[in-house]
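One-letter residues, chain by chain:
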Amino acid sequence: MFDKKFNTDHWLINKITELGVSPEMGAWVTLAIDVLILVSVAIIVDVIARKVILRIVHSLVAKSKTEVDDVFFKNKVFQGIAHVLPALVILVGAPIILDDFPLTLVYVTKLSYVLMVVAMLMVFNSFMNSVHILLLGNPLFQDKPVQSYVQVAKLIGYLIAGVMIISALIGKSPVVVLGAFGAVAAVLIFVFKDTILGLVASIQISVNDLVKVGDWVSMEKFEADGDVIDISLNTIKIQNWDKTISSIPTYLFTADSFKNWRGMQESGGRRIKRAINIKISTVKFCTAEMIDRFSKFTLLTNYLKERNTEIAKHNETMDTDLSYPINGRCMSSNQSGLGTVKVKS
């Protein structure tokens, strides 16, 4: 049904009715013209924002020495802001152009408000993606669960946008909408159980420094043993030594036991998960002839040269009696019937 509150004193309806059009049809034509004007202004603003303003912004970004604006432009933050302007034009211009159509004005205002909130949510999403990239490039955050923080921020943004949209559509205060959410809190907690657990676990992992990207961790329960390559809100990905990827819920790293080999790596040690059988009777001190022969092996030349120099300086400093090799530092080798397997000090 047409808006019964239509004002017959509209600036255009008298001219339309003078052409022999009925007042009701004239009202429809007038409304269509008003909406067309409003949409045309919004389209013009959108074209100006994309074709003119964005080009100016792009030239300024290209000339800038900082990389921050480049990341924002690449992730379409400025493009998203340009899309907010048409919705803002409709929201501001609707009360002016559709003043004679109160009921229609309500619907158009709600629709434009929803479009603006969605456009702002897209800008916020692009902004958080840019922040994610910038933080990953910062050495201070390379070992932090940045993705978890970004996902939490996005989730909060989606919730706020959802509350604002529902509030606009039903014509109630956001406080009332939040109060209604309290009635279904149990359902939401059940639906977002893993997300909530992951959020709490991410905070605990970050505060207590339990796991960082690049750590070598082992979880026998899930047959995971390798390097942490990603920490997100819901899962932690581990690249095993056979190059397979294990995805483990984040909260299990606080609720279950696991082994972190970071301390061993920071101490300079190394764990080799291979069994090497050595016959003890084949281990003996290297003679000068053996070292001379080993030095002709390309892979050992530089190593033996450095080790000889280091060992000689040590024995000279300690004034070692080398008539018995056991008194000082000497090189040893493991020999089998196939030849020398390994040389070490």
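The coordinates are above.
What you see is a predicted model, and the numbers here were worked out from it, not measured in a lab.

A.B. asks: Could you clarify how one ought to interpret the packing of aromatic side chains in this entry?
C.D. replies: The description of two aromatic rings rests on the distance between their centres and on the angle between their planes. Taken as a whole, this structure holds six aromatic pairs when the rule is applied. For the pair W216 and W241, a centre-to-centre distance of 5.0 Å together with 90 degrees between the ring planes defines the contact as edge-to-face. Residue W216 is found in strand 1 (residues 216-219), and its partner W241 is found in the loop between strand 3 (235-240) and strand 4 (245-249); the two are separated by 25 residues along the sequence. Taking relative accessible area as the criterion, W241 reaches 46% and is therefore assigned partly exposed.

A.B. asks: Explain the sheet that holds strand 1 here, please?
C.D. replies: Strand pairing in a sheet takes place through backbone hydrogen bonds and is either antiparallel or parallel in direction. Strand order in the open sheet formed by five strands is 4-3-2-1-5, and the pairing between neighbours is antiparallel. For this open sheet the edge positions go to strand 4 and strand 5 (259-260), each flanked by a neighbour on one side alone. In this structure, strand 3 lies alongside strand 4, joined through five bridges in antiparallel fashion. If you follow K237 over to strand 4, its bridge partner there is S247.

A.B. asks: Sorry if this is basic, but what is going on with the pairing of strand 1 here?
C.D. replies: Each regular strand shows side chains that alternate between the opposite faces of the sheet. Side chains W216 and S218 of strand 1 all project onto a buried face; the interleaved residues V217 and M219 project onto the opposite face, where all are buried too. Where strand 1 meets strand 2 (residues 224-231), four bridges bridge the pair, whose relative direction is antiparallel. Each bridged residue has a counterpart across the sheet, and for M219 the counterpart in strand 2 is A224. The loop that links strand 1 with its antiparallel partner strand 2 comprises four residues; one of these, E223, has a positive phi angle of about 55 degrees.

A.B. asks: Is there a simple way to think about the environment of A161 in this case?
C.D. replies: In this fold, A161 is placed in helix 6 (residues 146-170). Along the backbone, A161 and V117 are 44 residues apart, and their C-alpha atoms lie at a distance of 6.4 Å. Excluding anything up to four places from it in sequence, A161 contacts V117 and L121.

A.B. asks: Explain the nonpolar core here, please?
C.D. replies: Soluble globular proteins: nonpolar side chains tend toward being buried together. By size, the foremost hydrophobic cluster in this structure holds 12 residues: I205, V211, V217, M219, A224, V228, I231, I236, I238, I248, L252 and F253. Looking at this core, the elements that each hand over two or more residues are strand 1, strand 2, strand 3 and helix 10 (252-255). Of the residues forming this core, the biggest block, three residues, is contributed by strand 2. Setting aside residues no more than four positions away along its own chain, V211 makes contact with I205, V228, I231, F253, F258, N260 and R262. Judged by nonpolar contacts, the second largest core, of eight residues, contains A42, L98, L105 and V108.

Analysis parameters
- Residues numbered from 1 in each chain as written.
- Predicted model: local features only at pLDDT ≥ 70, side-chain atom pairs only at ≥ 80, totals over all residues.
- Heavy atoms only, no water.
- Phe/Tyr/Trp six-rings, centres within 6.5 Å; stacked < 30°, edge-to-face > 60°.
- Helix = DSSP H or I, 4+ residues; strand = E, 2+ residues; numbered from the N terminus.
- Buried < 20%, exposed > 50% of the residue type's maximum accessible area, 1.4 Å probe, protein only.
- Pairing = 2+ DSSP bridges.
- Contact = heavy atoms within 4.5 Å.
- Core = buried A, V, L, I, M, F, W, Y, C linked by side-chain atoms within 4.5 Å.

Honestly, that's just the spatial picture; any functional story needs more than this.
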